[in-house]
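Chain residues, written in single-letter form:
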Amino acid sequence: MTDDPEPRFTGRFDRRTVLRSLAGGAAASLTVTGTVAGGQADPEQKPDDPGRPDDAGPPSRAEPRDPPTNEFLASDLWGATHRNPYAQASSPYPALIADDTIEHNHNLLAPGRNIPITLTFTDTYDDGNRAMWGTGVGFAETTVFKLDPEDLSTIDTYSVPVEEPARLAGAHERDVGATPSGAYNVLDRDNTFFMSIRKEQRLGIDAYADSVTGDRTSPIERVGRYEIPESELHQPDEEAFIGMTMTYDGRLAFCTSLGTVGVIDRDLSADSAEYLSLNGTDAPANAASGTDEVSNSIAADENGGIYLVSSEKLYRIQWTGEELTLDPDAGAWVADYPTGSGTQAGRLGAGSGSTPSLMGVDDEDRFVVITDAREQMHLMLFWRDDIPAGWEPPEERDPRVAGEAPVTFGRDGDATNSEQSVLVQGYGAVVVNNQQPDTLNALPAGTAKITRFLDNVPEVAPSGVQRFAWDDDDQELTSVWARPDVSLPNGIPCMSSESGLMYDVGQQDGIWNLTALDWETGDVAFRHDLDPAFQHNSYYAGSEVGPDRSIYTGAAGSVMQFTPGDDDPTPNETPVDDAQSVVDDAEHASEQTIPDSER
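Please read all numbers here as calculations on a predicted model, not as lab measurements.

*Asks:* How do you make sense of the overall build of the chain when you look at a structure like this?
*Replies:* For the chain, the count of helices and strands is three helices and 38 strands. Looking at the chain as a whole, 61% of its 599 residues are labelled buried. If you take every contact in the chain between residues at least 6 apart in sequence, the share linking residues at least 24 apart comes to 61%. Accessible area of the chain: about 21,800 Å², with a carbon and sulfur share of 46%.

*Asks:* Any chance you could explain the sheet that holds strand β17 (residues 260-264) here in plain terms?
*Replies:* Note: strands within a sheet are paired through backbone hydrogen bonds, in either parallel or antiparallel orientation. Taken together, four strands build an open sheet; the order of strands is β15-β16-β17-β18 and the sheet is antiparallel. Two strands close off the open sheet at either side, each with one partner strand: β15 (241-246) and β18 (274-277). Geometrically, the sheet is characterised by an average inter-axis angle of 15 degrees between neighbouring strands, direction not taken into account. Bridge analysis of β15 against strand β16 (residues 252-256) gives five bridges, and the strand direction is antiparallel. Within the sheet, the bridge partner assigned to Met246 lies in β16 and is Leu252.

*Asks:* Where do I start with the pattern of salt bridges in this structure?
*Replies:* If you walk through the whole model with that rule in mind, you get 23 salt bridges. With a closest N to O distance of 2.6 Å, Asp206 and Arg225 form a salt bridge. In this pair, Asp206 is assigned in strand β13 (residues 202-210) and Arg225 in strand β14 (residues 220-227), connecting sequence segments 19 residues apart. Linking Arg251 and Asp265 is a salt bridge whose minimum nitrogen-to-oxygen distance equals 3.1 Å.

*Asks:* Is there a simple way to explain the packing of aromatic side chains in this structure?
*Replies:* Geometrically, a pair of aromatic rings is defined through the distance of the ring centres and the angle of the planes. Tallied over the entire structure, the rule returns 15 aromatic pairs. Centre to centre, the rings of Trp133 and Phe193 are 5.5 Å apart; their planes meet at 20 degrees, and the pair counts as stacked. Of the two residues, Trp133 is situated in strand β6 (residues 132-135) and Phe193 in strand β12 (residues 193-199); the sequence distance between them amounts to 60 residues. Residue classification places Phe193 among the buried positions, given a relative accessible area of 0%. Between Phe367 and Trp470, the aromatic rings sit 4.8 Å apart at their centres with planes inclined by 65 degrees, giving edge-to-face as the arrangement. On the criterion of sequence distance, the pair formed by Phe367 in strand β25 (residues 367-371) and Trp470 in strand β30 (residues 465-471) is long-range, its members being 103 residues apart.

*Asks:* Sorry if this is basic, but what is going on with the side chain of Asn279 here?
*Replies:* Assignment of secondary structure puts Asn279 in the loop between β18 and β19 (299-300). Overall, the relative accessible area of 18% leaves Asn279 in the buried class. A distance of 2.8 Å separates a polar side-chain atom of Asn279 from the backbone oxygen of Leu258.

*Asks:* Any chance you could explain the nonpolar core here in plain terms?
*Replies:* Proteins that are soluble and globular tend to have nonpolar side chains buried together. Core analysis: the biggest nonpolar cluster contains 42 residues, and Val465, Met502, Tyr503, Phe526 and Ile551 have the highest contact counts within it. Look past the residues within four positions of Met502 in its chain and what remains in contact with it is Leu423, Val430, Val465, Trp481, Leu488, Pro493, Cys494, Met495, Thr515, Ala516, Leu517 and Trp519.

*Asks:* In this structure, what is going on with the sheet that holds β30? I would like to understand it.
*Replies:* Across the sheet, four strands lie side by side as β28-β29-β30-β31; this open sheet has antiparallel pairing. With partners counted over all chains shown, the strands left at the sheet margins are β28 (423-425) and β31 (476-483), one partner each. The mean inter-strand angle of the sheet, taken between neighbouring strand axes irrespective of direction, is 20 degrees. In this sheet, strand β29 (residues 428-432) lies alongside β28 in antiparallel orientation, the contact comprising three bridges. Residue pairing across strands places Val424 opposite Ala429, the latter belonging to β29.

*Asks:* Could you clarify how one ought to interpret the side chain of Thr325 in this entry?
*Replies:* Note that Thr325 resides in strand β22 (residues 324-325). Thr325 sits in the buried class, given a relative accessible area of 12%. A polar contact is formed between the side chain of Thr325 and the backbone nitrogen of Asp327, at a distance of 2.9 Å.

*Asks:* Help me understand a negative patch on the surface in this model?
*Replies:* On the surface, Glu322, Glu323, Asp327 and Asp329 cluster together into a patch of negative charge. Along the chain, Asp329 turns up in the loop between β22 and β23 (333-336). For Asp329, a relative accessible area of 72% corresponds to the exposed category.

*Asks:* Sorry, what's going on with the confidence of the model for the chain here?
*Replies:* The predicted coordinates of low-pLDDT regions are not to be read in fine detail. Considering every residue of the chain, the mean pLDDT works out to 80; 74% of them sit at 70 or more. Below a pLDDT of 50 lies the segment residues 1-52, which in the model reaches 117 contacts outside its immediate sequence neighbourhood of four places, other chains included. Considering only residues more than four positions removed or in separate chains, one finds that residues 161-181, a stretch of pLDDT under 50, has 70 contacts.

*Asks:* Would you mind going over the pairing of strand β27 (residues 401-406) with me for this structure?
*Replies:* Taken residue by residue, a regular strand's side chains alternate between the two faces of the sheet. Most of β27 is tucked away: six of the six residues are buried. Where strand β26 (residues 378-383) and β27 come together, five bridges link them in antiparallel fashion. Each residue of the ladder has a partner; that of Met380, found in β27, is Glu404.

*Asks:* Quick question: what am I supposed to make of unusual backbone geometry here?
*Replies:* Negative phi is the rule for most residues except glycine; trans is the rule for most peptide bonds. In this model, Ala89 sits at a positive phi of 65 degrees, which is unusual for a non-glycine residue. With respect to the helices and strands, the residue Ala89 is situated in the loop between β1 (9-10) and β2 (90-91). A positive phi angle, near 65 degrees, is found at Leu152, a position not held by glycine. Along the chain, Leu152 turns up in the loop between β8 (142-147) and β9 (154-160). For Leu152, a relative accessible area of 3% corresponds to the buried category.

Parameters at a glance
Residues numbered from 1 in each chain as written. Predicted model: local features only at pLDDT ≥ 70, side-chain atom pairs only at ≥ 80, totals over all residues. Heavy atoms only, no water. Helix = DSSP H or I, 4+ residues; strand = E, 2+ residues; numbered from the N terminus. Buried < 20%, exposed > 50% of the residue type's maximum accessible area, 1.4 Å probe, protein only. Contact = heavy atoms within 4.5 Å. Areas by Shrake-Rupley, 256 points an atom, 1.4 Å probe, with all protein chains shown as cover. Pairing = 2+ DSSP bridges. Axes fitted to C-alpha atoms, helices over the stretch in contact; angles between N-to-C directions. Salt bridge = Lys/Arg side-chain N within 4 Å of Asp/Glu carboxyl O. Phe/Tyr/Trp six-rings, centres within 6.5 Å; stacked < 30°, edge-to-face > 60°. Polar contact = N/O pair within 3.5 Å; in protein donor to acceptor, adjacent residues only side chain to side chain. Core = buried A, V, L, I, M, F, W, Y, C linked by side-chain atoms within 4.5 Å. Patch = residues over 30% accessible without salt bridge, like charges linked within 9 Å, V, L, I, M, F, W, Y side chains within 5 Å. Lys, Arg positive; Asp, Glu negative; His and termini not counted. Charge placed at Lys NZ, Arg CZ, Asp CG, Glu CD. pLDDT = per-residue confidence, 0-100.

Pasting the structure below:
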């Protein structure tokens, strides 16, 4: 492989004279149940915790360096958006490989109306099977659904027409006027499904569950609702519910579009709610000069850190178990990053387009990972805990910046952006291109919600995927490979460390497909072709590693499943001329700078 030709901008310090900052601190008293190498259940894990799912396949042969298991989520498979509170979207469990005969299945929930961004899996019930929960976001009434993940058959749906009165558990009427106000949801270990709502001018959280506890085939029932008091909102008539995750002590953490951050118990009791405002009296001394806006979800770690990127800043907000604080003495911090100007085509808000992803576990180097908002986007790593003594950040960057690298997708000089969170596994990170053509930049901000329906039109479809890696010996962030020719235009990718592949909904010549890339080399492992149909457009939805090595994803009005068939394994890759494959590999070989340790 040749050396990476791209410029790198990274800080350095002398490791021989400095002790690394270790994870922990005053807030490290929160109890965490984890997994040991290979995904086996920790001996100290509670008997009723899910441990390794029986249908997840054999344990990983590779060292997964997986985040600690959050024992309050429903399943270690995929219990929340981006899989878990670290928001890495990678899994230690096996998934599809090139030798599988892939079968495609999908459930048309509401064609042309709602898009399920996140799908969450329960643990197994007494009958040995699971349920899959989700909700549609987009253009129609609220719909909560529960499917059988084995065949995508519908168990129940819960619609929310505006003309009928509200219903709580035990009543017979449906809810009124509540619509999803965010793409992110959480399923807890009691199989309670939490989603955000907006009802008139009120924001809040709804809770849904099986109407018969322990019976996955029973109807959906709403079992709780919490509405955020107007006094806690910055501008109640303008604010929207944005993100949600599960803290490692079992609370729901959430944020709004205008910087209201909250934590509440899972019973949604009003007296358990705690708040902090990024635009109010809680704002730090180096707060944003204007109104700080949020368009991405949040991440959380086992030490009480809640990570949020706004249009102006990157925050670690500390949850102490009793209050939310920006006090540095409690472990909180605020960092600057290049925020660009305005909202680019394909983006849903100003500033970064990525939910923060957390990289590094235990005593490894530990980072918060985002993409910034420069015209040519950069991948940026920020020290998550204490900044190592003697650290010198990149020139003119916040002291917390550990490294940055331009995201070119192999096309020097081009403008790039992404609306997806960064896919992280170990010290590796992948960014996909969502940059739409310059002709669409002339359209008003916010039109990406419409232009995304054009993402399989070859003249419009974004293309480009790039992988980076942090070298913990040389303390630098570098590009590993880039594929300017691969189009994953609007979906959130996922990754299986056991299979060594990343997956996402892609398109080629106008045909939607499931694309799998080799994590180490960027080579196309396979493409499973679908067709140009509207319901195969991933439209910001996340691909996920589910049970039985299957890949699941939401799409425009549907849920899709890609599962290994029962036939003898045969290659499923879209036929590609061998000579052309060699040319493709040669075209992106100059981007590959794979360290010997990763070969």
